[in-house]
Amino acid sequence: MATSETAPDGTGVVAGAPGQRLGWADAAKGVAIALVVLTHTTVFLQEAGYATAPWQSLNNLLAGARMPLFFAVSGLFAASVLRGSWRGVLLRRILPSAWLFSLWLVLTTAFFATGAWVEAGQPAGAGELAAALVRPHTELWYLYALAVYALVARALRPVPAGLQLAAAAALSVTTSAGLTATGSWAWDDVAAHLVFFLAGLHGRRVLASVAERSGPGRTAALLAAFAVVGGAVGLLDLHLVPGLPLLRGALGVLAAVAACALLVRRWPRTPLRALGRATLPVYLTHVLLIAALTTVLEVLAPPALPVPVRLVLPAVVTALVVLAGVAVRRPLARVPGLLAPPAALTAR
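Residues numbered from 1 in each chain as written. Predicted model: local features only at pLDDT ≥ 70, side-chain atom pairs only at ≥ 80, totals over all residues. Heavy atoms only, no water.

Asks: Break down the packing of aromatic side chains for me, with residues and values.
Replies: Aromatic rings in a pair are described by how distant their centres are and how their planes are angled relative to each other. Within the structure shown, the criterion is met by 10 aromatic pairs. On the numbers, 5.2 Å between centres and 70° between planes, the contact of F71 with Y149 is edge-to-face. Residue F71 is located in helix α3 (residues 53-76), and its partner Y149 is located in helix α7 (residues 141-155); the two are separated by 78 residues in the primary sequence. What makes Y149 buried here is its relative accessible area of 1%. (Phe/Tyr/Trp six-rings, centres within 6.5 Å; stacked < 30°, edge-to-face > 60°. Helix = DSSP H or I, 4+ residues; strand = E, 2+ residues; numbered from the N terminus. Buried < 20%, exposed > 50% of the residue type's maximum accessible area, 1.4 Å probe, protein only.)

Asks: How would you summarise the side chain of H286 if you had to cite specific residues and measurements?
Replies: Take H286: it is sitting in helix α14 (residues 279-300). Other than its neighbours up to four places away in sequence, H286 contacts V36, V37, H40 and V321. (Contact = heavy atoms within 4.5 Å.)

Asks: Which residues make up the nonpolar core, and what values do they have?
Replies: Within soluble globular proteins, side chains that are nonpolar tend to cluster in buried spots. Formed by 82 residues in total, the largest nonpolar core has its most connected members in W24, F71 and F197. Leaving out residues up to four positions away in the same chain, W24 has contacts with L76, L207, A208, A211, V257, C260, A261 and V264. Counting residues in hydrophobic clusters, the runner-up holds 5 residues, among them A65, F226, V229 and V233. (Core = buried A, V, L, I, M, F, W, Y, C linked by side-chain atoms within 4.5 Å.)

Asks: Break down the confidence of the model for the protein for me, citing the residues and quoting the values.
Replies: The predicted coordinates should not be examined in detail at positions where pLDDT is low. Predicted confidence across the protein gives a mean pLDDT of 89, with 91% of residues reaching 70 or more. Note on residues 1-20: pLDDT under 50 across the span, and 50 contacts to partners over four residues away in sequence or across chains. (pLDDT = per-residue confidence, 0-100.)

Asks: Tell me what's going on with the side chain of T39, and back it up with residues and numbers.
Replies: Note on placement: T39 falls in helix α2 (residues 23-47). We classify T39 as buried; its relative accessible area is 12%. Apart from residues lying up to four places away in sequence, T39 is in contact with N59 and R66.

Asks: Kindly report on the pattern of salt bridges, identifying the contributing residues and their values.
Replies: According to the stated counting rule, one finds 1 salt bridge in the structure shown. Measuring nitrogen to oxygen at the nearest pair gives 3.4 Å for the salt bridge that ties D26 to R277. In this pair, D26 sits in helix α2 while R277 sits in the loop between α13 (271-276) and α14, placing the two residues 251 residues apart along the sequence. For D26, a relative accessible area of 0% gives the class buried. (Salt bridge = Lys/Arg side-chain N within 4 Å of Asp/Glu carboxyl O.)

Asks: Report on α14, specifying residues and quantitative values.
Replies: Look at α14: 30 Å from first C-alpha to last across 22 residues, which is about the 32 Å you get at 1.5 Å a residue. T285 marks the point of greatest bend in α14, at about 50°. (Expected span 1.5 Å × (residues − 1). Bend = angle between axes of the 7 residues up to and from the residue.)

Here it is as structure tokens:
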């Protein structure tokens, strides 16, 4: 990937010989972004009247793995936070994430201000836009979290990794249980998912070991354990039980890593690896693309689509949005600032 696309999400070398990438890590990131797109696709289709219960149930189950996996792999690719100086971390990690979050918040706000699609939670007016820069409440919160995590990880560098993980795990447990809730879902999610970023950052060898030792039996066992815990949390509404969301997320990460490693060994050229190296443009544009496709669908499709069509619709829209997001990668890269801060801001 080009440097302009690696800065905010930290995509880069994680282990092995110089310049070598881990295929399972790329595939895992591809899975994570696909799940993010699927989730928002389901939400938009539901708001447009094309909801289907099976997809909603599946999204509720996968919620336990989606963002934990995304942040764990992002931490896996963020080793430079531990090696770099404060200036380097600021220029290469914090500034790019903050720049893209701020710029694309403005762009998405302008898009939804046209009225082509009205989405709840989007900033309305300059005041709400300014507040959203500090207290995010849109799908771009992942970039906000990456900037915060880079700052926290660099500040905690002198602290033993085990102590960092223990403190972050405790914060995740109390926040998920509502004991240390802030009143902002984004701030709460940032607090709850810090442990997964730090786990990827400090636990690269552990994740690599899980990947190397993954086989059909181990992978099936991890997937089953995640399904049981995730299903229990979702079906029995146990989200506020202290520790269960953290356990669900940990099992989701381990199961996804094992499954992706097994997949890459069996299918080295799986498209998920390429997708994992192009997550940034997909992430930045997917909500806009989903809104546009949903608007077109509302115009062209009847109010009540046949059940078979509604069952495949989320998968079709997700695939189209992912492909479109990858396709716009190069055009976006040609416009200064859209995929990375202007060179003047990061020049030494």
